[in-house]
Amino acid sequence: MTTKAHSSPHGTLAWLACVRAYNLCEAVMTARLAELGLRVGEHEVLATIATTPGITQQALAARCFVAKSGVSMLIAQMEARGWVLRESDGADARVKRLSLTPEGLAIAQRTLAVQADVIRAMVGGASEADLATVARVMDTASEALEAMRAAPPPETTRARSGKAK
């Protein structure tokens, strides 16, 4: 059985389906977290520290979908609210290890429950085989995009943007 997503030129319909699902997921997460008085970036930081206690700020920034400067600002705000602790690493005083206070952990558990609800809704109709296929295809797409991001743009892209020499 062929679906429209498979028969579109250059996979455009499949790409649009992924973009639409991502945008809808972000919209639902944004709305549900707003009910808790939180933003998606705050959830990312809280959830990552909750699941990886002792993570460094640098590692947190690399794992979150938030800019490094944004992570630093969020940590400072969360520390001021009494949710996050920054403690010096025993081996290197320049390194700060992050953990959650009991209040921060309670909030993280609430945001993780929101995330779990959204994920259950997203995958509820899919089989394990479907999910494995989606994961494999998205991993392959991510690898291709990471390679593109690391490579210089093709000559035609530089010429169109006026950056050709």
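The structure under discussion appears in the preceding block.
## Thoughts on the pattern of salt bridges
Reasoning step 1: This structure, assessed with the given rule, holds seven salt bridges.
Reasoning step 2: Across the pair Glu42 and Arg81 runs a salt bridge, and its minimum N-O distance is 3.2 Å. Residue Glu42 is found in helix 3 (residues 40-51), and its partner Arg81 is found in the loop between helix 5 (68-80) and strand 1 (84-88); the two are separated by 39 residues along the sequence.
Reasoning step 3: Judged by its relative accessible area of 4%, Glu42 is buried.
Reasoning step 4: Judged by its relative accessible area of 40%, Arg81 is partly exposed.
Reasoning step 5: Residues Arg94 and Asp92 are paired through a salt bridge, measuring 3.0 Å at the closest nitrogen-oxygen approach.
Reasoning step 6: Residue class for Arg94 comes out exposed when judged on its relative accessible area of 72%.
Reasoning step 7: Relative accessible area serves as the criterion here: at 22%, Asp92 is assigned to the partly exposed category.
Reasoning step 8: One continuous salt-bridge network, built from bridges that share partners, spans Arg39, Glu42 and Arg81.

## Considering the side chain of Glu44
Reasoning step 1: Mapping Glu44 onto the fold places it in helix 3.
Reasoning step 2: For the buried Glu44, no salt bridge exists, and the shortest N-O distance to an oppositely charged side chain is 8.2 Å, to Arg63.
Reasoning step 3: Those residues in contact with Glu44 that sit more than four places away from it in its chain are Cys64, Phe65 and Val66.

## With respect to the packing of helix 2 (residues 12-35) against helix 6 (residues 102-123)
Reasoning step 1: As a packed pair, helix 2 and helix 6 sit with axes 10 Å apart at the nearest point and diverge in direction by 145°. For the crossing formed where helix 2 meets helix 6, the hand is right-handed. Between helix 2 and helix 6, the contacting residues are Cys25, Val28, Met29, Arg32 and Leu33 on the first element and Thr111, Val114, Gln115, Val118 and Met122 on the second.
Reasoning step 2: Partitioning the contact of helix 2 with helix 6 into residue classes produces seven nonpolar, two polar and one charged.

## Some details on the environment of Leu46
Reasoning step 1: Locating Leu46 in the fold gives a position in helix 3.
Reasoning step 2: Given the relative accessible area of 0%, Leu46 is considered buried.
Reasoning step 3: Residues Leu46 and Leu112, spaced 66 residues apart in sequence, show a C-alpha to C-alpha distance of 8.8 Å.
Reasoning step 4: Excluding anything up to four places from it in sequence, Leu46 contacts Leu38, Met78, Trp83, Leu100, Gly104, Ile107 and Ala108.

## Thoughts on helix 3
Spacing of three or four residues puts side chains on the same side of an α-helix, whose turn is 3.6 residues.
Reasoning step 1: Spanning twelve residues, helix 3 covers 16 Å between terminal C-alpha atoms, matching the ideal 16 Å at 1.5 Å per step.
Reasoning step 2: Of all twelve residues in helix 3, nine are buried, a share of seventy percent or more.
Reasoning step 3: Looking at helix 3, one finds that the buried residues are Gly41, Glu42, His43, Glu44, Val45, Leu46, Ala47, Thr48 and Ile49.

## A word on the layout of surface pockets
Reasoning step 1: The calculated volume of the largest pocket comes to roughly 1800 Å³.
Reasoning step 2: Around the largest pocket, the lining comprises 39 residues; the ones closest to its centre are Cys18, Ala21, Tyr22, Met122 and Met138.
Reasoning step 3: In terms of residue class, the lining of the largest pocket is built from 28 nonpolar, seven polar and four charged.

Cut-offs applied
Residues numbered from 1 in each chain as written. Predicted model: local features only at pLDDT ≥ 70, side-chain atom pairs only at ≥ 80, totals over all residues. Heavy atoms only, no water. Salt bridge = Lys/Arg side-chain N within 4 Å of Asp/Glu carboxyl O. Helix = DSSP H or I, 4+ residues; strand = E, 2+ residues; numbered from the N terminus. Buried < 20%, exposed > 50% of the residue type's maximum accessible area, 1.4 Å probe, protein only. Lys, Arg positive; Asp, Glu negative; His and termini not counted. Contact = heavy atoms within 4.5 Å. Axes fitted to C-alpha atoms, helices over the stretch in contact; angles between N-to-C directions. Left-handed = near helix turned anticlockwise from the far one by under 90°. Nonpolar A, V, L, I, M, F, W, Y, C, P; charged D, E, K, R; others polar. Expected span 1.5 Å × (residues − 1). 1 Å grid on protein atoms, 1.4 Å probe; cavity = no way out; pocket = protein on both sides within 12 Å on 5 of 7 lines; lining within 4 Å. Points joined across faces, edges and corners; volume = space filled by probe spheres on them.

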